[in-house]
Amino acid sequence: MPGCELKNGAKNGTTNSWPNNVGIIAMDIYFPSSYVEQTDLEEFNGVSKGKYTIGLGQSRMAFCNDREDISSICLTVTERLFKKYQISPKDIGFMMIGTETIVDKSKSVKTVLMDLFKDSGNTDVEGVHTTNACYGGTASLFHAIDWIESSSWDGRFALVVAADIAVYASGPARPTGGCGAVAMLVGPNAAIVMDRRVRSTYMANVYDFYKPDLSSEYPYVDGPLSNQCYLQALDQCYNLYFDKVNRLHSNCPANNDHSSKPMNVQLENMDAILFHAPYCKLVQKSVARMFLLNSLRQQAQDPSLFPEKLDKYRNIKLEECYNDRDLEKLLLTLSSELFSKRTDPSLMLAREIGNMYTASLYACLISYLISDSIENLANKRLLLFSYGSGLAASMFSARISGDISENSALSKLIKGVSDIPQRLQQRQCVPAAQFEATLNLRENTHNLAPYTPTGDVKMLHSGTYYLTDVSQKHHRTYSKA
């Protein structure tokens, strides 16, 4: 699983060969040093108890003051990845940044990160940054993998950074914000091996969430439409993914002995299911939706496999049931074990940090990697769903390496992210009133030039890059705590 693979070639540049086991070799995440409790926000905003903690499924939300911007958090996570895994900038040949948090309509965030390459003398680094809501990180990862497997590959690594500062205007959407940056080293002989030849994508023109006002950080959001678009994209990507993977199995000589039916790959073949997580309750509803999709596909193979409690929904039309609350409630109950075993372990960082936009899915991957022992993680199969409003969505899969030896890529990756629980504990809890004032400061000073930030640098953890000045010409300069 997932399908019939072409033979892997050695790292020798020969024609018609691929490098072995391309995927994610190393990862790290950056999140701000300050957070607000969702229970405090419930009280501060005068909403019912549990509206954010139960209704949204969130515990805490990370945020940053005017000392941090998209370039600073990308600088921080990238330098930490280099140092933690002893990566030389000379060994990077491709770098892409996925973000929707832009401070310039022309100058790529990637160009700022090239400051980290100065001392190495390496200026030969392909890639810029890509933007489409929360999908940019996935697009960047796909491009990085494609570069490694292309005729342009020169044997060096690719680097992907997915990062965003998610902020909303004061009101009901503000508790769904957050901030985070994930850096990923991509190459052969990886710890997380991406499945080749099986990706499904769904794209459409929808105004569910967008940012037309370049003078503001805030999006225009149609919440109900965005939730529906997320599930609609999930429907399309799910069915297309499993159609593709089963077609590959059917056409693969190694899987076809002409004496039995072609292998029917289903949701049960996946050990973990990871999602883009705007808020955790939507992820739980998405697992419930997958339960329905899987049941309908099983029914097509054998009607007796369809759950008895769903019997009246045997002939349901997917496009007509997005707002069926009775069905949703039933599916949440029927899928509770699936969610608990295969998705909930991936949501720790999403609950603690909040929405990280492009970084969200990859923070879920990190959460999953620190949720269990390396022995239990080895060879696990992952199904991943990425969604970006507007809209662009993809489903793809991966396998965790089975090599758990001390010097293996998986062992180094697990060790590299093992400090995250401790780093979460080192953050500072900030009262809801101070959180509100901080976001209002960002709002009032966004895009000002000249501007000198006023946020307290002492609140930043050591090694964090921060903004020191914005000149009259909008030139930004940074320093490090």
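These numbers come from a predicted model, not from an experiment.

What counts as what
Residues numbered from 1 in each chain as written. Predicted model: local features only at pLDDT ≥ 70, side-chain atom pairs only at ≥ 80, totals over all residues. Heavy atoms only, no water. Salt bridge = Lys/Arg side-chain N within 4 Å of Asp/Glu carboxyl O. Helix = DSSP H or I, 4+ residues; strand = E, 2+ residues; numbered from the N terminus. Buried < 20%, exposed > 50% of the residue type's maximum accessible area, 1.4 Å probe, protein only. Pairing = 2+ DSSP bridges. Contact = heavy atoms within 4.5 Å. Polar contact = N/O pair within 3.5 Å; in protein donor to acceptor, adjacent residues only side chain to side chain. Axes fitted to C-alpha atoms, helices over the stretch in contact; angles between N-to-C directions. Core = buried A, V, L, I, M, F, W, Y, C linked by side-chain atoms within 4.5 Å. Patch = residues over 30% accessible without salt bridge, like charges linked within 9 Å, V, L, I, M, F, W, Y side chains within 5 Å. Areas by Shrake-Rupley, 256 points an atom, 1.4 Å probe, with all protein chains shown as cover.

Focus on the pattern of salt bridges
- Tallying each qualifying case throughout the model produces 26 salt bridges.
- Note that Asp235 is salt-bridged to Arg289, the shortest N-O span being 2.8 Å. With Asp235 in helix 5 (residues 223-251) and Arg289 in helix 6 (residues 280-301), this pair connects stretches of sequence that are 54 residues apart.
- Owing to a relative accessible area of 5%, Arg289 belongs among the buried residues under this scheme.
- Close ionic contact of Arg314 with Asp311 constitutes a salt bridge, the shortest N to O distance being 2.7 Å.
- For Arg314, a relative accessible area of 25% corresponds to the partly exposed category.
- What emerges from the salt-bridge pattern is a single network uniting Asp28, Lys84, Asp419 and Arg423.

A short note on the pairing of strand 15 (residues 465-470)
- One ladder, built from 5 bridges, connects strand 15 with strand 16 (residues 476-480); its direction is antiparallel. By the bridge assignment, Asp469 is partnered in strand 16 with Thr477.
- Counting the residues between successive antiparallel strands, the hairpin from strand 15 to strand 16 contains 5 residues, one of them, His474, with a positive phi of roughly 70°.

Section: the environment of Ser286
- Positionally, Ser286 belongs in helix 6.
- Relative accessible area serves as the criterion here: at 0%, Ser286 is assigned to the buried category.
- Considered as a pair, Ser286 and Leu234 are 52 residues apart in the sequence and their alpha carbons are 7.7 Å apart.
- Not counting the four nearest positions on each side in its chain, Ser286 is found in contact with Tyr230, Leu231, Leu234 and Phe275.
- In this structure the side chain of Ser286 is engaged in a polar contact, spanning 2.8 Å, whose partner is the backbone oxygen of Leu282.

Description of the sheet that holds strand 1 (residues 23-30)
- The mixed open sheet is built from 9 strands, whose spatial order is 5-4-6-7-1-8-13-12-11. The two strands at the open ends of the sheet, each matched to only one other strand, are strand 5 (129-130) and strand 11 (272-275).
- Here strand 4 (residues 92-98) pairs with strand 5 via 2 bridges, running parallel. Bridge pairing links Gly98 to Thr130 in strand 5.
- Of the strands in this sheet, strand 1, strand 4, strand 6 (157-166) and strand 7 (178-187) touch helix 2 (residues 70-84), which is tilted by about 140° from strand 6.

Section: the nonpolar core
- Grouped together as the largest cluster of nonpolar side chains are 150 residues, with contacts concentrated most on Met27, Ile29, Ile192 and Phe385.
- Broken down by element, the residue count for this core peaks at 11 residues, all from helix 5.
- Residue contacts for Met27: discarding those within four places in its chain leaves Leu81, Tyr85, Val182, Ala183, Met184, Tyr362, Leu365, Ile366, Leu369, Leu413 and Val417.
- Counting 5 residues, the second largest nonpolar core, distinct from the first, contains Cys134, Ala166, Tyr168 and Phe209.

With respect to the sheet that holds strand 3 (residues 60-63)
- Ordered in space as 3-2-14, the 3 strands form an open sheet in which the pairing is mixed. The open sheet has two edge strands with one neighbour each: strand 3 and strand 14 (428-429).
- In the sheet, strand 2 (residues 34-37) pairs with strand 14 via 2 bridges, with the strands oriented parallel. When the bridges of strand 14 are listed, Ser34 appears paired with Gln428.

Points about a nonpolar patch on the surface
- On the surface, a cluster of nonpolar side chains totalling about 340 Å² of accessible area is made up of Tyr207, Tyr210 and Tyr220.
- Structurally, Tyr210 can be placed in strand 9 (residues 209-210).

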